[in-house]
Amino acid sequence: MNEILVKNAEVLVTMDNARRELAGADVLLRDGVIAAVGVGLATVGRVIDARGCVVTPGLVNTHHHLYQTLTRAVPGGQDALLFGWLKTLYPIWARFGPEEIFTSAQVGLAELALTGCSMTSDHLYMYPNGARLDDTIAAAGEVGLRFHPTRGAMSIGESDGGLPPDALVEREAAILEDCIRVVDRFHDRAEGAMVRVGIAPCSPFSVSRDLMRDAALLARDKGVMLHTHLAENDEDIAYSLEKLGCRPGQYAEDLGWVGDDVWHAHCVKLDGQEIDLFARTGTGVAHCPCSNCRLGSGIAPVRAMRDAGVKVGLGVDGSASNDAGNLVAEARQAMLLQRVTRGADAMSAREALEIATLGGARVLGRKDCGSIAVGKRADIAIWDVSGIEAAGSWDPVAFLLAGPMRVRDLIVEGREVVRGGAMVTIDLGRVVARQNQLARRLME
Ligand SMILES: [Zn+2]
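Here the structure is a predicted model, which means the values were calculated and not measured.

Criteria and cut-off values
- Each chain has its residues counted from 1, running along the sequence as written.
- Residues qualify for local features only when their pLDDT is at least 70, as the model is predicted, and side-chain atom pairs are given and counted only at 80 or more; totals for whole chains, interfaces and linings, by contrast, use all residues.
- Only hydrogens and water are removed before side-chain values are computed, so all heavy atoms of the structure are retained for them.
- Here a salt bridge means any side-chain nitrogen of Lys or Arg lying within 4 Å of a carboxyl oxygen belonging to Asp or Glu.
- Secondary structure is summarised from DSSP: a helix means a run of H or I of at least four residues, a strand means a run of E of at least two, and numbering begins at the N terminus for each.
- Classification of residues uses two cut-offs on accessible area relative to the type maximum, computed with a 1.4 Å probe and protein chains only: under 20% is buried, over 50% is exposed, and between them is partly exposed.
- Atoms are scored as donors when they are N, O or S and lie within 2.8 Å of the metal, with 3.2 Å used for Na, K and Ca; no water is included, so coordination may look incomplete.

Caption draft 1: Quick look at the pattern of salt bridges. Applying the stated rule across the entire model yields 34 salt bridges. Between R247 and D271 there is a salt bridge; the shortest N-O distance is 3.1 Å. Here D271 lies in the loop between β11 (262–266) and α8 (272–281) and R247 lies in the loop between α6 (234–244) and α7 (248–254), a separation of 24 residues in the sequence. Relative accessible area serves as the criterion here: at 27%, D271 is assigned to the partly exposed category. Here R377 and E413 are joined by a salt bridge, their closest N and O atoms 2.6 Å apart.

Below, the structure is given as structure tokens:
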């Protein structure tokens, strides 16, 4: 039996059905599951003192391209809109191989862990020089995060009128074959799964209509989730109207890309009808506020989505468009963006925290994660609110979105991943050094 007792939290934010916040409370974790929540609990195992800390469920990241940690702040892409930004970066990404994919994933995953994230999705849509989805899954296994990698794909290269260079696209038959391989090899349907695989053609403008439809059929056949980019900015909408003959929502609906097993990244430009469609069908949204600001894409109508009943989670998006991968900062940005358009009461800190935890878990179809309640998985973030930033704070929970940008401790599936603000699962110094070496090689 493996137990950890998190004791004496200043506030324990449960995100349970009653959204209880418990002062001076403890959580007992046993064999990867939350065994008890209350006051004065005891254990035979290890005790983590959470005095002066807010304890929350681990945050959930619903959209990322981990490989992009190797192309942060690339000069040609710093000030470009989405399509120009992609064109700058594609030739650099075409030089990646398995080691670049593995190391950049470790960096991205560690960055997420240090900012309180216990579960993340990843969208890998290019496989140059022998790279495979397996490389990111190996990285996540070492870092220790709960991982939902998605087998992305691009099939329409420049010579066919698409955006990516031909070197980065694959044949559609080979894409589907590899989707089947990775689902059969890695997807775990069991409760508490550490790896669940999704299928994720990159976007409607980089694969054919046939592949979008076949991917949806395959995902339904295999019982796995579907993910892609949708309605990201005005260029994206214009492309959809001109080349696909309809708005993105219509395109998604026609090809089987709505439902409880689908989530779309961005959705900045969804209109009222599309919001209703998503709400009606249980389709999820990965809201990526920093990336949307960074690329000047706009402000996603998250208030309207939530009011309509759309499932919304947060995404840091790739580090080439953020350039950070800090999930708690993303929650703050989500709150600020709704307020700047709709007023100070448009989104509370607590709602932003709910989107960052429970919201993300729902988007990824994880009923077993996202809250601190008996029987849920033992994914816990412990935030130190005793430092200078918090001095004078009247409400440690609301303060969480203004203060600590890093977690003190992170536990995933009952296993410590971060302790005292440092990674315990990997040698971070060595990983960062290797990443910088690889980045220098790409700059040559
Ligand atoms: Zn993205």
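Now that the structure has been shown, we can carry on.
Caption draft 2: The arrangement of unusual backbone geometry in detail. Non-glycine residue R19 carries a positive phi angle of around 50 degrees. You will see that H266, though not glycine, has its phi angle at about 80 degrees, which is positive. Mapped onto the fold, H266 is located in strand β11. H266 sits in the buried class, given a relative accessible area of 0%.

Caption draft 3: The arrangement of the coordination of the zinc ion in detail. At the metal site, the zinc ion is ligated by H63 (NE2), H65 (NE2), H229 (NE2) and D317 (OD), and these contacts range over 2.1 to 2.5 Å. Spacing between the donor residues of the zinc ion along their common chain follows H-x1-H-x163-H-x87-D. Separated by 252 residues along the polypeptide, H65 in the loop between β6 (59–61) and α1 (82–93) and D317 in the loop between β13 (311–314) and α11 (327–342) bring together distant segments of the chain. Of the two residues, H65 and D317, neither departs from the other in class, the shared state being buried.

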